[in-house]
Amino acid sequence: MKIELCIPAFNEERVIAEAVHAVLRVFRKVGKEVVLTVVDNASTDRTASIVKGIDGVRVVSIPLRGKGAAVVAAARRSEADIFGFLDADLSVDPNEVLSLLPLLERKECDIVIGSRLMDSRIVDRGKFRTFSSRVFNRIRKMLVGIAVEDTQCGLKLMNARGRKVLAACEETGWFFDIEFLALAERAGLRIREVPVHWHEHRFPDRVSKLHHVRDSVEALRTMLRIRRRILRATDSFRRSGAEADIPPR
């Protein structure tokens, strides 16, 4: 079974080498093979050159910024049986990938996602960030739906059906996960949410690219955009009498 993991990377020269080696060590320790794809999306530093040539790592460079642009680009290129992505800051312990994999290998679900909100005992995160995530998710449920609690956790794995849905996504920014999970639910895919160990500051020298005010506004815009897109597609299917499926690009 071919496994591929994507690490989206924009100006991550401080941490990318350590992150890549940490993930590879986890897989090599248990004798599993993995293709690790680092998608450098318009970095202005040495992110791509640092990881080129590392055994087991494939580097893809794209001209667009945005986490969504990077992950979707990797999904469209992938032919893996199991595809997934995790953040370069490794806030999710890489060992959690091995915890989630069996659910897909046993075909118990199509998509399995990590959650920071299901078990606070294994989450090292500021109270404000946790509070803001819960507020975000309440608003997201009202506007877009989606049954899962934590859409934005940086670890998600999926089978080929899930990867097909991901490859159809149009959002390019931080909140593409909302579109992905909304489309997946609408397509009838089975989604499992699992609590994961989370450490907010694994790399103390790394500067976060999140901006609370700017990204909160962008999150709201994204949710409204996704809501409109899904409602339009649903109305179109109803008018045509066709069975709902993944909206065409």
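Structure first, text after, so check above.
Enquirer: Account for the overall build of the protein, naming residues and giving values.
Expert: Looking only at helices and strands, the protein features eight helices and nine strands. The buried share of the protein, reckoned over its 249 residues, is 52%. Put simply, 76% of the contacts in the protein that link residues at least 6 apart link residues at least 24 apart. Of the roughly 12300 Å² of accessible surface on the protein, a fraction of 52% belongs to carbon and sulfur atoms.

Enquirer: Residues and numbers for the packing of aromatic side chains, please.
Expert: Tallied over the full model, the rule gives one aromatic pair. Seen from their ring centres, F85 and F176 are 5.6 Å apart, and the 45 degrees between their planes marks the pair as tilted. Here the residue F85 occupies a position in strand 4 (residues 82-85), and F176 occupies one in helix 7 (residues 176-186), the gap between them amounting to 91 residues. Exposure remark for F176: the relative accessible area of 0% places this residue in the buried category.

Enquirer: Go over the sheet that holds strand 8 (residues 191-195) with me, naming the residues and quoting the values.
Expert: Think of a sheet as strands paired side by side through backbone hydrogen bonds, with each pair either parallel or antiparallel. Sheet architecture is open: seven strands sit in the order 3-2-1-4-7-5-8, paired in mixed fashion. Pairing within the sheet leaves two strands with one partner each, and these edge strands are strand 3 (57-62) and strand 8. Taken over all neighbouring pairs, the strand axes of this sheet differ in orientation by 20 degrees on average, direction set aside. Two elements, strand 5 (residues 111-115) and strand 8, share five bridges in a ladder whose sense is parallel.

Enquirer: Just give me the short version of the nonpolar core, but keep the residues and values in it.
Expert: Here is a general trend for soluble globular proteins: nonpolar side chains tend to be buried in one another's company. With 40 residues, the main nonpolar core has L5, V20, F27 and L157 as its most contacted residues. Elements that contribute at least two residues to this core include exactly strand 1 (3-9), helix 1 (16-29), strand 2 (35-41) and helix 4 (95-105). A total of eight residues in this core trace back to one element, the largest contributor, which is helix 1. Not counting the four nearest positions on each side in its chain, L5 is found in contact with V23, F27, V34, V35, L36, T37, G84, F85, L86, V97 and L157. Residues F136, L143, V165 and L183 belong to the second largest nonpolar core, which totals 38 residues.

Enquirer: So what's going on with the packing of helix 3 (residues 67-77) against helix 6 (residues 160-167)? Residues and values would help.
Expert: The relative placement of two packed helices is expressed as an angle between their axes plus a distance between the axes. As a packed pair, helix 3 and helix 6 sit with axes 8 Å apart at the nearest point and diverge in direction by 130 degrees. As judged from the angle between their axes, helix 3 and helix 6 are oblique. Every pair of crossing elements has a handedness; the one defined by helix 3 and helix 6 is left-handed. Touching V71, V72, A75 and R76 of helix 3 are R163, L166 and A167, all from helix 6.

Enquirer: Residues and numbers for helix 1, please.
Expert: Between the first and last C-alpha of helix 1 there are 20 Å, a value that for 14 residues agrees with the 20 Å anticipated at 1.5 Å per step. Looking only at helix 1, the buried set comprises I16, A19, V20, A22, V23, L24, V26 and F27. Considering only its buried residues, helix 1 is in contact with strand 1, strand 2, helix 2 (47-51), strand 3 and helix 4.

Enquirer: An account of the pairing of strand 4 is requested, with residue identities and associated values reported.
Expert: A two-sided burial pattern is seen for strand 4, the buried positions comprising I82 and G84 on one face and F83 and F85 on the other. Judged from the four bridges that link them, strand 1 and strand 4 form a sheet pairing that is parallel. The residue bridging C6 from the neighbouring strand is F85, located in strand 4.

Enquirer: Requested: an account of helix 6, with residues and values cited.
Expert: Where helix 6 is concerned, the buried positions are G162, R163, V165, L166 and A167. Contacts from the buried residues of helix 6 go to helix 3, strand 4, strand 5, strand 7 (156-158) and helix 7. Its side-chain oxygen at 3.1 Å from the backbone nitrogen of R161, N159 defines the N-terminal cap of helix 6.

Enquirer: Go over the environment of L100, please, and point to the residues and values.
Expert: Along the polypeptide, L100 turns up in helix 4. A sequence separation of 96 residues divides L100 from V196, and the C-alpha atoms of the two residues are 9.3 Å apart. Beyond its immediate chain neighbours, meaning those up to four positions away, L100 contacts V112, I113, G114, L155, L157, V194 and V196.

Enquirer: Provide a residue-level description of the pattern of salt bridges, including the pertinent values.
Expert: Taken as a whole and assessed by the stated rule, the structure comprises 17 salt bridges. For R161, the salt bridge identified is with D110, shortest N-O distance 3.7 Å. Remark: D110 occurs in the loop between helix 4 and strand 5 and R161 occurs in helix 6; sequence separation between them is 51 residues. For R161, a relative accessible area of 45% gives the class partly exposed. Where K156 meets D177, a salt bridge forms, and the shortest distance between an N and an O atom there is 2.8 Å. Of the two residues, K156 sits in strand 7 while D177 sits in helix 7, which places them 21 residues apart along the sequence. What makes D177 buried here is its relative accessible area of 1%. Put simply, E170, E171, E179, E218, R225 and R229 are held in one network by salt bridges that share partners.

Conventions we followed
Sequence positions are assigned chain by chain, starting from 1 and proceeding in written order. This being a predicted model, a pLDDT of at least 70 is required before a residue's local features are given, and a value of 80 or more before pairs of side-chain atoms are given or counted; all residues contribute to the totals for chains, interfaces and linings. Side-chain metrics rest on all non-hydrogen atoms present in the structure, leaving aside hydrogens and water. The secondary structure listing takes helices from DSSP runs of H or I that are at least 4 residues long and strands from runs of E that are at least 2 residues long, numbered from the N terminus. With a 1.4 Å probe rolled over the protein chains alone, any residue whose accessible area is under 20% of its type maximum counts as buried; one over 50% counts as exposed, and the rest are partly exposed. Two residues qualify as a contact provided that any one of their heavy atoms is within 4.5 Å of a heavy atom in the partner residue. Surface exposure here means Shrake-Rupley accessible area, sampled with a 1.4 Å probe, where a residue is shielded only by the protein chains that are shown. Ring pairs are drawn from Phe, Tyr and Trp, using the six-membered ring of Trp, whenever the two centres fall within 6.5 Å, and their geometry is named by plane angle: stacked under 30 degrees, edge-to-face over 60, tilted for the rest. The criterion for strand pairing is that DSSP finds at least two bridges linking the strands in question. Fitted lines through C-alpha atoms give the axes, limited to the stretch in contact for helices. The angle between two N-to-C directions lies from 0 to 180 degrees. Only buried residues count toward a nonpolar core. Its members are Ala, Val, Leu, Ile, Met, Phe, Trp, Tyr and Cys residues joined through side-chain atoms within 4.5 Å. For classification, angles of less than 35 degrees are called roughly parallel, those exceeding 145 degrees roughly antiparallel, those between 65 and 115 degrees roughly perpendicular, and all remaining angles oblique. Put simply, a crossing is left-handed when the front helix is turned counterclockwise from the back one by less than a right angle, and right-handed when it is turned clockwise. Every helix has an expected span of 1.5 Å times one less than the residues it contains. Counted as a polar contact is a pair of N or O atoms within 3.5 Å, where, for protein atoms, one must be capable of donating a hydrogen and the other of accepting one, and residues adjacent in sequence contribute only when both atoms are in side chains. In what follows, salt bridge is the name for a side-chain nitrogen of Lys or Arg lying within 4 Å of a carboxyl oxygen of Asp or Glu.

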